[in-house]
Amino acid sequence: MRKILLLMAFVTAVVFAARADKYTLDREQLPETAREMLTKHFPGKKVGMIKVDRHLLRKTDYDVRLTDGTKIEFNPSGKWTSVRMKKGAVPSGLVLRAIRNYVNKNHKGVDITEITKKRSGAYELKLSDGVELKFNALGGIKKVGVDD
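Note on numbering: residues in each chain are counted from 1, in written sequence order. Predicted model: local features are reported for residues with pLDDT of at least 70 only, side-chain atom pairs are reported and counted for 80 or more only, and whole-chain, interface and lining totals are derived from all residues. Only hydrogens and water are set aside when side-chain values are computed; all heavy atoms of the structure are taken into account.

Trainee: Pulling in residues and values, what's your account of the pattern of salt bridges?
Mentor: Note on definitions: salt bridges are taken to be side-chain nitrogens of Lys or Arg within 4 Å of carboxyl oxygens of Asp or Glu. With the rule as written, the count across this model stands at seven salt bridges. Two residues, Arg 35 and Glu 28, come together in a salt bridge whose shortest N-O distance is 4.0 Å. Between Arg 84 and Glu 114 there is a salt bridge, with its nearest N and O atoms 3.5 Å apart. Remark: Glu 114 occurs in strand β6 (residues 112-117) and Arg 84 occurs in strand β5 (residues 80-84); sequence separation between them is 30 residues. In this description a helix means any DSSP run of H or I spanning at least four residues, a strand means any run of E spanning at least two, and both kinds are numbered starting from the N terminus.

Here it is in C-alpha cells:
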C-alpha cells in the first residue's frame, strides 16, 4: 500500500512539473525563429513578458506580450501562430499578399488588428472595424463575418 501511495505521489509530481509554465523576460528562451521574427517585424519593441507554456503531451509553445500590449503566440518551432495588436495594424510582412490585396480593395482604410494562422495553413483575421475574415492557405476568401 505504501509503495502505491509513493508511486501515485511521484506521478502527480511529474504531471504538475511537466505542466508548470515559466515566465521570463529573456528573449533567449525563445526559439531562434521567434527571435528573428520579433526583430524583423517589431524592431525596437520591448518584451513585457514571455510565457513558456509547457504541455504534458504536446511540445512547448510560447506566448509573448510586448510592452505596447501586442500579443504574439509561437509554436514549438518558433513560427508565429497568432498576432493581436493592442494599437495599430499587424505588420504587413506577416500577411500574405493576396490577403493584403483583398483587405485593401474591399476594406479601404481599415487595419488588420489580429491574424491567426491555423495548422491547416488557413488564416483568420479581425479588422479594426469589427469585420472578421477567413482565408484559405493560398489567401482565397472563405468567409466574411462581423464581430458581435
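Trainee: With reference to specific residues and values, describe a positive patch on the surface.
Mentor: Together, Arg 65, Lys 71, Lys 86 and Lys 87 line one region of the surface with positive charge. For Lys 71, the location among the structural elements is in strand β4 (residues 71-74). Any residue with relative accessible area above 30% and no salt bridge may belong to a patch, with like charges joined within 9 Å and the nonpolar Val, Leu, Ile, Met, Phe, Trp and Tyr side chains within 5 Å. Per-residue accessibility takes into account occlusion by the displayed protein chains alone, with areas from the Shrake-Rupley method and a 1.4 Å probe. Positive: Lys, Arg. Negative: Asp, Glu. His and the chain ends are not part of the count. Charged groups are reduced to one reference atom each: NZ for lysine, CZ for arginine, CG for aspartic acid, CD for glutamic acid.

Trainee: Just give me the short version of the sheet that holds strand β3 (residues 61-66), but keep the residues and values in it.
Mentor: One open sheet accounts for nine strands, arranged β1-β2-β3-β4-β5-β6-β7-β8-β9; its pairing is antiparallel. Two strands in the sheet have a free side with no partner beyond their single neighbour: β1 (22-24) and β9 (141-146). Here the average twist between neighbouring strands, direction ignored, is 15 degrees. Only strands joined by at least two bridges in the DSSP assignment are considered to pair. Two elements, β6 and strand β7 (residues 123-127), share five bridges in a ladder whose sense is antiparallel. Across the sheet, the residue bridging to Glu 114 is Lys 126, located in β7. Contact between two residues is taken to exist if any of their heavy atoms lie within 4.5 Å; hydrogens are not considered. To get an axis, fit a line to the C-alpha atoms, keeping to the stretch in contact for a helix; angles then go from 0 to 180 degrees between the N-to-C directions. Packing of helix α2 (residues 32-41) onto the sheet brings it into contact with β3, β4 and β5, and relative to β4 it is tilted by some 150 degrees.

Trainee: Which residues make up the pairing of β5, and what are the values?
Mentor: Direction of pairing for β4 relative to β5: antiparallel, over a ladder of four bridges. Paired with Glu 73 across the two strands is Ser 82, which belongs to β5. In terms of strand pairing, β5 meets β6 through three bridges, oriented antiparallel. Looking at the pairing, Val 83 lines up with Ile 115 of β6.

Trainee: Break down the packing of aromatic side chains for me, citing the residues and quoting the values.
Mentor: Centres within 6.5 Å make a pair out of two Phe, Tyr or Trp rings, where for Trp the six-membered ring is used; the pair is then stacked when the planes are under 30 degrees apart, edge-to-face when over 60, and tilted otherwise. If you walk through the whole model with that rule in mind, you get one aromatic pair. Seen in terms of ring centroids, Tyr 102 and Phe 135 are 5.5 Å apart; in terms of plane orientation they differ by 80 degrees. Their pairing is edge-to-face. Of this pair, Tyr 102 sits in helix α3 (residues 97-106) while Phe 135 sits in strand β8 (residues 131-135), placing them 33 residues apart in sequence.

Trainee: Please provide a residue-by-residue account of the pairing of β8, values included.
Mentor: Residue alternation in β8 divides its side chains into a buried set, Val 131, Leu 133 and Phe 135, and an unburied set, Glu 132 and Lys 134. Where β7 meets β8, four bridges bridge the pair, whose relative direction is antiparallel. Residue pairing in the sheet places Tyr 123 in a bridge with Phe 135 of β8. Linking β7 to β8, which pair antiparallel, is a turn of three residues; within it Gly 130 sits at a positive phi near 95 degrees. Summarising the sheet, β8 and β9 pair through five bridges and their orientation is antiparallel. Paired with Leu 133 across the two strands is Val 144, which belongs to β9. Following β8, the chain reverses through five residues before pairing antiparallel with β9; Gly 139 in that reversal takes a positive phi of roughly 95 degrees. For every residue, the accessible area (1.4 Å probe, protein chains only) is compared with the maximum for its type, and the residue is labelled buried under 20%, exposed over 50%, or partly exposed between those bounds.

Trainee: Which residues make up the environment of Thr 60, and what values go with them?
Mentor: Summarising the element assignment, Thr 60 is placed in the loop between β2 (47-53) and β3. The exposure class of Thr 60 is partly exposed, given its relative accessible area of 22%. C-alpha of Thr 60 to C-alpha of Asp 21: the two residues are 39 residues apart in sequence and 9.4 Å apart in space. When near neighbours in sequence (up to four residues on either side) are disregarded, Thr 60 contacts Val 52, Asp 53, Arg 54, Asn 75 and Pro 76.

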